[in-house]
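Analysis of the macromolecular model
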Amino acid sequence: MEWKELKETKEEGYILVLETGDEVLSKIKEFVKERGLTSYRFEAIGAFERAVLGFYDLEKKDYKKNPVNEQVEVVSLIGNVTESDGETKVHTHAVLGKSDGTAYGGHLLEGHVKPTLEILVKPYGTKVVRHKDEKTGLPLIDLGAP
Ligand code: ZN
């Protein structure tokens, strides 16, 4: 993975370029943890050789896993980095384009890059934290938190 800090503008942030074999969620988590970054958002385009998408089942309080075992375009990937009960949480959704032009979409559980993924990482500009919500079982953003 290569990265560059956005220094020529007044806004801070980073551009990350992932390469074949990189797994996107672990690479982003590693990058932000090394720098102590919290409360960031990101967007990306590129391609995966395989991925696992999730669909949250509110009754089971767990993700149904939908594996994607083919080369796909990362048409749109968006997500954020927040602190969730003291841990770094990377939350990501993606739309993945198939060779016939149709698409898969969902909560991203795994994304294996091939050949590249271009990511823009920007700060929220305010601290954003999550707390586990008992009703849904999900760590939801808590804007009332200090
Ligand atoms: Zn999600």
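Residues numbered from 1 in each chain as written. Predicted model: local features only at pLDDT ≥ 70, side-chain atom pairs only at ≥ 80, totals over all residues. Heavy atoms only, no water.

**Examining the overall build of the chain**
Of regular secondary structure, the chain possesses one helix and nine strands. Of the regular secondary structure in the chain, the N- to C-terminal order runs β-β-α-β-β-β-β-β-β-β. Radius of gyration (C-alpha) of the chain: 16 Å, near the 15 Å computed for a compact globule of 146 residues. Each principal axis of the C-alpha distribution contributes one length, and for the chain these read about 50 × 45 × 20 Å. Evaluated residue by residue, the chain yields a buried proportion of 39% over its 146 residues. Taking contacts inside the chain between residues at least 6 apart in sequence as the whole, the part at least 24 apart equals 63%. For the chain, the accessible area works out to roughly 8700 Å², and carbon and sulfur atoms hold 50% of it. The distance from the centre of the 21 positive side-chain charges to the centre of the 26 negative ones in the chain is 2 Å. (Helix = DSSP H or I, 4+ residues; strand = E, 2+ residues; numbered from the N terminus. Rg over C-alpha atoms; globule rule 2.2 N^0.38 Å. Buried < 20%, exposed > 50% of the residue type's maximum accessible area, 1.4 Å probe, protein only. Contact = heavy atoms within 4.5 Å. Areas by Shrake-Rupley, 256 points an atom, 1.4 Å probe, with all protein chains shown as cover. Lys, Arg positive; Asp, Glu negative; His and termini not counted. Charge placed at Lys NZ, Arg CZ, Asp CG, Glu CD.)

**A few points about the packing of aromatic side chains**
In this structure the tally under the stated criterion is four aromatic pairs. Measuring from ring centre to ring centre gives 6.0 Å for W3 and Y14, while their planes differ by 65°; the resulting arrangement is edge-to-face. Of this pair, W3 sits in strand 1 (residues 2-5) while Y14 sits in strand 2 (residues 14-19), and the two are 11 residues apart along the sequence. Among the residues examined, W3 registers a relative accessible area of 42% and is labelled partly exposed. For Y14, a relative accessible area of 9% gives the class buried. Ring plane angle 70° and centroid distance 5.5 Å describe the contact between W3 and F31, whose orientation is recorded as edge-to-face. Residue W3 is located in strand 1, and its partner F31 is located in helix 1 (residues 24-35); the two are separated by 28 residues in the primary sequence. Owing to a relative accessible area of 2%, F31 belongs among the buried residues under this scheme. (Phe/Tyr/Trp six-rings, centres within 6.5 Å; stacked < 30°, edge-to-face > 60°.)

**Thoughts on the coordination of the zinc ion**
Ideal values differ by geometry: the angle at a metal is 109.5 degrees with four tetrahedral donors, but 90 or 180 degrees with six octahedral donors. The protein atoms that coordinate the zinc ion are H91 (NE2), H93 (NE2) and H107 (ND1), at distances spanning 2.1 Å. Accessibility expressed as a relative area gives 23% for H91, which makes it partly exposed. A relative accessible area of 39% places H93 in the partly exposed class. (Donors = N, O, S within 2.8 Å, 3.2 Å for Na, K, Ca; no water.)

**Some words on the pattern of salt bridges**
Side chains carrying opposite charge are able to pair once their charged atoms draw close together. Inspection of the entire model under this criterion finds three salt bridges. One salt bridge in this structure joins K27 and D22, with 3.9 Å as the shortest N-O distance. Put simply, R50 and E110 hold a salt bridge, and the shortest N to O gap is 4.0 Å. Linking R50 in strand 3 (residues 40-57) with E110 in strand 7 (residues 103-123), this pair joins segments that are 60 residues apart in sequence. (Salt bridge = Lys/Arg side-chain N within 4 Å of Asp/Glu carboxyl O.)

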